[in-house]
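Structural features, examined
What follows is each chain in one-letter form.
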Amino acid sequence: MHQEDIEKIGKNRIAFVMFASIFLVVMVVVATVSIGRRPNNGKSEVDVSSQSHDQVSASMKAIKTVCQPTDYQKQCVESLQTESGNTTDPKELIRAAFQVAKKHVAAAAKRSRTLKQLEKDPRASLALEDCNELMDEAIEDLQRSFEELGKSDRQARYKMGPMINNLKTWLSSTITYQETCLDGFENTTGEAGVKMREILKTSIELTINAIAMVSKISSILGNLDINREINLGSSHHRGLIENNAKVLGHGGIHVLEHGDLYPSWLGPRNRRLLGLIDQAQFKPDVVVAKDGSGNCTTINEALNFIPKKSNKTTTIYIKEGIYQEKVYLNRSMARVFMIGDGMYKTRITGNLNYVDGTPTMHTATVSVLGEFFMAKNIGFENSAGPEKHQAVALRVDADMSIFYNCSMDGYQDTLYTHAKRQYYRDCTITGTIDFIFGDGSAFFQNCKIIVRKPLDNQHCIVTAQGRNVTHQPTAIVIQNSSIIADHVYWPVRNKIKSYLGRPWRIHSRTVIMETFIDDLIQPQGWLPWEGEFGIHTCFYAEYGNYGPGANKTGRVTWQGVKSIDRLEEAFEFTAGKFFDGDDWIKPRGVPYVSGFVTN
């Protein structure tokens, strides 16, 4: 068969899927539309009235069918009746679902501002302030989802896979932001927390309904095994195993060299910087140097040079030094590339913490929200110490962000993988309790995960993943890495126990594969959060791990601890499959393995 014939067949198949699969209910809607759109042909007013009634009836049938896969069907039907007019177009009905969710989130934000004016508890007041910020983020992602689905069929035709993944990611983040708002009311007094939960009840349900609709589309595409064909940015013939990759052992990290593929917005100068050892011979956009030899002496000064929502990369070179500052890159600061002199030479540090009154989200030394963020050779630290409890070094909400050869150092809650797609390569993460946590789609490849000594009355837990809804595509995935004890914790590792993770939320999901696990990890492997919360509904899996702590014989037997024995099952959690890393990691030139690393 000729290549042109293959492409023609592929395009025809894509067109069919666009028509038959994405909207779930086309055949039903076609039937209902034929009733609702009969021409008048000079009929009487009675006939016209009958036609109008038929149109309403057709719209209701379409609404009920679109709402069929949702978790809150009654809420779905009632909201779409109000929002969608008499349309029977499934695409417009799903867009209407996004819009109605956005309206309820906006209303919640407005009410949070009203509650804040009346609140006297300082922590509750801060929580309400955070809610307002988080609702703004949720509204942005709902609007973005609405616009993405509103693209013409011609625009979306060959981008079905990425479009669905974008929608699932952004809708998932809106759920996460609303849940994070409610988290802020722990240990507060008064009624603000209860009132906010009541306010957000409907908006959360409507957002869950929206992602349920998109998830149904995604499952149909997956069952037809065409998601990769539609996604033309991916490799069509990628094997399960990358045989030329070296294994990360106990002794150190070995990287997989990758081809010279870059997106158009990453110019030649930045491509050289990315792969360069000696960055000094090139000129980034901004240089930060404590000694005054650059454009700025602080990182926050450098942020002023970042254009808003730019389609081009802004490169910030941060020279060796310890930078004691709180850095916040908002959503408009997109495509920022920060590069330092090494994870132990260029250090950004702070000590904000929960005990001293700062909400967990705002304890982060560095927070990154702008999409396509990239960092290389930088250390992020929160030095508050174990006695200060939650103290975040790095919080990431930046979609399709990459951290390469960086360190994240702290104790409790070191790395907050808050939301969206994130890739960590050749990084070192240190901490004590839940020190990799959040509800993003976070993938760790060739990383060192080092457990530190906590307080004497504490346990150590590596992960606390925060998926709250089964439709969310989020998880923490650790591949070809090492989980070890630092030298201070090593002598007491049998007295102060360590575990791979615990279910922060009810559908918590963590997968660890092809990783060295040392003997600090207890035979049980996983620890409950409280009682039986989440142990039946979480998804925890280990595959192809090795080392004295990798023996699964003594693992807990919860329903939520899954046994993955088949290569094909584990393959679902490789970087290329899990969050389409071939599309957005591979072109950016960092070391990357799409499938398995070992046999």
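Computed from a predicted model, the values in this text were never measured in an experiment.

Cut-offs applied
Residues numbered from 1 in each chain as written. Predicted model: local features only at pLDDT ≥ 70, side-chain atom pairs only at ≥ 80, totals over all residues. Heavy atoms only, no water. Helix = DSSP H or I, 4+ residues; strand = E, 2+ residues; numbered from the N terminus. Buried < 20%, exposed > 50% of the residue type's maximum accessible area, 1.4 Å probe, protein only. Contact = heavy atoms within 4.5 Å. Areas by Shrake-Rupley, 256 points an atom, 1.4 Å probe, with all protein chains shown as cover. Pairing = 2+ DSSP bridges. Axes fitted to C-alpha atoms, helices over the stretch in contact; angles between N-to-C directions. UniProt positions renumbered as here; feature names shortened; annotations may be inferred. Patch = residues over 30% accessible without salt bridge, like charges linked within 9 Å, V, L, I, M, F, W, Y side chains within 5 Å. Salt bridge = Lys/Arg side-chain N within 4 Å of Asp/Glu carboxyl O. Disulfide = S-S within 2.5 Å.

1. Examining the overall build of the chain
The helix and strand inventory of the chain stands at 15 helices and 26 strands. Looking at the chain as a whole, 59% of its 599 residues are labelled buried. Here the analysis covers contacts within the chain between residues at least 6 apart in sequence; of these, 72% occur between residues at least 24 apart. Surface summary for the chain: the accessible area is close to 24800 Å², and the carbon and sulfur share equals 51%.

2. Observations regarding the sheet that holds strand S2 (residues 314-318)
Strand order in the open sheet formed by 11 strands is S1-S2-S5-S8-S11-S14-S17-S20-S23-S25-S26, with parallel pairing between adjacent strands. Since the sheet does not close on itself, it has two edges, and those belong to strand S1 (286-288) and strand S26 (561-563), each with one partner. Direction aside, neighbouring strands of the sheet carry axes that sit 15° apart on average. Direction of pairing for strand S20 (residues 475-479) relative to strand S23 (residues 509-513): parallel, over a ladder of 4 bridges. Its bridge partner being in S23, Ile 476 is matched across the sheet by Thr 510.

3. Brief notes about the UniProt feature "active site" (unreviewed entry) in the chain
The sites that carry the UniProt feature "active site" (unreviewed entry) are, in the present numbering, Asp 434. Checked against the element boundaries, Asp 434 lands in strand S16 (residues 433-438). According to the relative accessible area criterion, Asp 434 is buried, its value standing at 4%. Setting aside residues no more than four positions away along its own chain, Asp 434 makes contact with Asp 413, Ile 461, Val 462, Thr 463, Ala 464, Arg 502 and Trp 529.

4. Examining the sheet that holds S16
Judged by pairing direction, the sheet is parallel, and its 7 strands sit side by side in the order S4-S7-S10-S13-S16-S19-S22 without closing on themselves. In this open sheet, the two strands that pair with only one neighbour each are strand S4 (327-329) and strand S22 (498-501). Relative to strand S19 (residues 460-465), S16 runs parallel, the two being bridged by 4 bridges. Looking at S19, one finds that Phe 437 is bridged to Ala 464.

5. Description of unusual backbone geometry
Glycine aside, a negative phi is what most residues show, and trans is what most peptide bonds show. Unusually for a residue other than glycine, Asp 413 sits at a positive phi of about 60°. Here Asp 413 lies in the loop between strand S12 (407-409) and strand S13 (415-416). Positive phi, close to 50°, is recorded for Glu 514, a residue that is not glycine. Here Glu 514 shows up in the loop between S23 and strand S24 (516-517).

6. Some points on a nonpolar patch on the surface
Together, Ile 506, Trp 529 and Phe 533 make up a nonpolar patch on the protein surface, roughly 230 Å² of accessible area in all. Note on placement: Phe 533 falls in the loop between S24 and strand S25 (539-543).

7. With respect to the state of the cysteines
Inspection of every chain in the model, using the stated rule, returns 2 disulfides. In this model Cys 67 forms its disulfide with Cys 76; the gap between the sulfur atoms is 2.0 Å. Handedness of the Cys 67-Cys 76 disulfide follows from its S-S torsion of about -75°: it is left-handed. Indicated for the chain is the disulfide connectivity 1-2, 3-4, based on numbering the bonded cysteines in sequence order. For Cys 406, which is in no disulfide, the shortest distance to another cysteine sulfur is to Cys 427 and amounts to 5.0 Å. No disulfide involves Cys 447; its sulfur sits 4.8 Å from the nearest other cysteine sulfur, which is in Cys 427.

8. A few points about the pattern of salt bridges
For the structure on display, the rule yields 22 salt bridges. For Arg 395, the salt bridge goes to Asp 397, with nearest N and O atoms at 2.9 Å. As far as burial versus exposure is concerned, Arg 395 and Asp 397 are alike and both buried. A salt bridge links Asp 434 to Arg 502; the nearest nitrogen and oxygen atoms lie 2.7 Å apart. Of this pair, Asp 434 sits in strand S16 while Arg 502 sits in the loop between S22 and S23; the two residues are 68 residues apart in sequence, bridging distant segments of the chain. One network of salt bridges, with partners in common, ties together Glu 137, Asp 141, Arg 331 and Lys 420.

9. Focus on the pairing of S20
Of all the 5 residues making up S20, 5 are buried; the element is thus mostly covered by neighbouring parts of the structure. Both faces of S20 are covered, namely the face carrying Ala 475, Val 477 and Gln 479 and the face carrying Ile 476 and Ile 478. In terms of strand pairing, strand S17 (residues 441-445) meets S20 through 5 bridges, oriented parallel. Bridge pairing in S20 places Phe 443 opposite Val 477.

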